[in-house]
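# Residue-level structure breakdown
For reference, the chains in residue letters:
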Amino acid sequence: MSENIKVVVRCRPMNQSENEKKRENIVEINEYSVSVANPSASLTQKKMFTFDSVYNTITKTDVIYNEMCYSLVESTIEGYNGTIFAYGQTGCGKTHTMQGDGNLNNSGIIHKCFDHIFETISMATNVRYLALVSYLEIYNESIRDLLNTNENTRMINHSLKEIPGIGVSVPTLTTHPVINTNQCYNWLSLGNKNRVTAATLMNEKSSRSHTIFTITLEQSPFFSSVASENNLGGIRRGKLSLVDLAGSERQSKTGAQGERLKEASKINLSLSALGNVISSLVDGKAKHVPFRDSKLTRLLQFFLGFLRRKHKNSYDFLYFTIRVRL
Ligand code: ADP
Ligand code: MG
């Protein structure tokens, strides 16, 4: 099972403000590892973490998609579940990676998934596909439906439900059928408009909520005119979840107060629960994995369950960054 999950790091270039302030680069990038120096204790040894891949500051999202996402998306088209997950501090490039920078030449992973899925579906000959999209936001531990077109009910909190054989889902979420990439883009941008955004001192464009855009692909064989008993029930369902998390930084650093502070602690609740889940999975000996502690970890339970093995050290990095940032 371990090969079912890949953990990679993408390092963004220094931004204008960092360059102006002549910030020091403390990350050394190698093909499969990064070494992080402690700027306030330069004599201490660098911490090294290993990954399935490490992408440097000039790598294009195309390369990351082809190397890391292509085969996963292929398998969701074939009927499996897949998740692409962005984690990191505000301003580190999660949205840039997942949604691009608005420039068509530099589109994000979500857009590339749409293109890939519909290109493959359009060439399928013996099967027909039904594609459905949904988009949810976890904000202050409430689940909101970003694709609910009814303004009066958009703000209601949706409940999670555990469905045997399917896993944890949000059954009351609206789902919309889509037949091409444009329709997907339209739903994604409608959802983004609805997404709660609030500026923080660290990055004023950054979102304060976690989002999961899901595309479900139901596949059924074309029936011949004389249908046999065997080919009637041949529906397969694959699900691709595209996750963009709120920033993982400490609230004191962002100057949060009042509502923002409440917001930050709830955001951190999901993130600290994620940290606890990763730590008990990495530990391997822990009997209890606290998936149930937050909405995020419940929704991602299926995916997180795969984190048990492989490069323990790369999960250590996630755990380390979660611990360091909180
Ligand atoms: P996050 O979603 O993690 O808070 P963003 O994706 O909004 O961060 O990125 C913060 C800023 O850095 C944006 O202006 C974005 O365009 C820029 N940026 C992030 N990653 C890269 C990258 N790999 N190359 C160039 N610019 C990047
Ligand atoms: Mg973001």
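Structure shown above.
Residues numbered from 1 in each chain as written. Chains lettered and ligands numbered in written order. Predicted model: local features only at pLDDT ≥ 70, side-chain atom pairs only at ≥ 80, totals over all residues. Heavy atoms only, no water.

## A look at the packing of helix H2 (residues 61–78) against helix H4 (residues 109–123)
The cut-off we apply is this: Here, axes are lines fitted to C-alpha atoms. For helices the fit covers the stretch in contact, and angles between N-to-C directions go from 0 to 180 degrees. Where helices and strands are cited, they refer to DSSP runs of H or I of at least four residues and of E of at least two residues respectively, numbered from the N terminus. The labels follow the angle: roughly parallel below 35 degrees, roughly antiparallel above 145, roughly perpendicular from 65 to 115, and oblique for the rest. Throughout, a crossing is termed right-handed when the near helix is turned clockwise from the far one, and left-handed when it is turned anticlockwise from it by less than a right angle. The contact definition used throughout considers only heavy atoms, calling two residues in contact when any of these lie within 4.5 Å.
At a closest axis distance of 10 Å, the pairing of H2 and H4 adopts a crossing angle of 45°. Taken together, the axes of H2 and H4 are oblique relative to one another. Here H2 runs over H4; the crossing is right-handed. Residues Thr61, Asp62, Ile64, Tyr65, Cys69, Tyr70, Val73, Glu74 and Ile77 of H2 form the contact with H4, whose own contacting residues are Ile109, Lys112, Cys113, His116, Ile117 and Thr120.

## Considerations on the pattern of salt bridges
Cut-off, in case you're wondering: Salt bridges are defined by distance alone: a side-chain nitrogen of Lys or Arg within 4 Å of a carboxyl oxygen of Asp or Glu. Only protein chains enter the calculation, and the probe is 1.4 Å; a residue is then buried if its accessible area is under 20% of its type maximum, exposed if over 50%, and partly exposed in between.
Throughout the structure, instances matching the rule amount to seven salt bridges. Here Glu28 ties to Lys46 by a salt bridge, and the two come within 2.9 Å at their closest N and O atoms. On the criterion of sequence distance, the pair formed by Glu28 in strand E2 (residues 27–29) and Lys46 in the loop between strand E3 (33–36) and strand E4 (47–50) is long-range, its members being 18 residues apart. Using a relative accessible area of 34% as the deciding quantity, one classes Glu28 as partly exposed. Overall, the relative accessible area of 40% leaves Lys46 in the partly exposed class. Across the pair Arg298 and Glu162 runs a salt bridge whose closest N-O atoms are separated by 3.8 Å. Here Arg298, found in helix H7 (residues 295–299), pairs with Glu162, found in strand E9 (residues 161–163); they are 136 residues apart in sequence, far enough to count as distant.

## Concerning the sheet that holds E2
So the rule is basically this: In this analysis, strands are considered paired if DSSP registers two or more bridges between them.
With antiparallel pairing, three strands are arranged side by side in an open sheet as E2-E3-E4. Of all the strands in the sheet, the pair left with one neighbour each is E2 and E4. Across the sheet, the axes of successive neighbouring strands diverge by a mean angle of 20°, strand direction being ignored. One ladder, built from four bridges, connects E3 with E4; its direction is antiparallel. Pairing of Val36 across the sheet is with Lys47, part of E4.

## Topic: the environment of Asn140
For Asn140, the position within the fold is in the loop between strand E7 (127–139) and strand E8 (142–145). Placed 129 residues apart in sequence, Asn140 and Leu269 show a C-alpha to C-alpha distance of 8.7 Å.

## Looking at the state of the cysteines
For clarity, the cut-off: Cysteine sulfur atoms are paired as a disulfide whenever they fall within 2.5 Å.
Throughout the structure, instances matching the rule amount to zero disulfides. Of all cysteine sulfurs in the structure, the one in Cys92 sits closest to Cys11, which takes part in no disulfide; the separation is 9.6 Å.

## A short note on the pairing of E8
In the sheet, E7 pairs with E8 via four bridges, with the strands oriented antiparallel. Within E8, the position partnered with Ile138 by the bridge is Ile143. Hairpin connection from E7 to E8: two residues lie between these consecutive antiparallel strands, with Asn140 at a positive phi of about 50°.

## Re the site of ligand 1
How we decide: Being near a molecule or strand, for a residue, comes down to having at least one heavy atom within 4 Å of it. By the criterion applied in these results, polar contacts are pairs of N or O atoms within 3.5 Å in which, for protein atoms, one can donate a hydrogen and the other can accept it, and in which residues neighboring in sequence qualify only through two side-chain atoms. The accessible surface values rely on the Shrake-Rupley method and a 1.4 Å probe; as for residues, cover is taken only from the protein chains in view. Asp, Glu, Lys and Arg are counted as charged, while Ala, Val, Leu, Ile, Met, Phe, Trp, Tyr, Cys and Pro are counted as nonpolar; the rest, among them Gly, fall into the polar class.
Around ligand 1 lies a shell of 13 residues, among which Gly91, Gly93, Lys94, Thr95 and His96 are the nearest. In the environment of ligand 1, an oxygen atom lies 2.7 Å from a nitrogen or oxygen atom belonging to the backbone of Gly91. One of the side-chain nitrogen or oxygen atoms of Thr95 is found 2.8 Å away from an oxygen atom of ligand 1. Across the complex, the protein chains shield 73% of the 560 Å² of accessible surface that ligand 1 would expose by itself. Per-class residue counts for the shell around ligand 1 are two nonpolar, eight polar and three charged.

## Some thoughts on the side chain of Ser33
Tracing the backbone shows Ser33 in strand E3. Not counting residues up to four positions away in its chain, the partners in contact with Ser33 are Glu28, Met48, Phe49, Thr50 and Val54.

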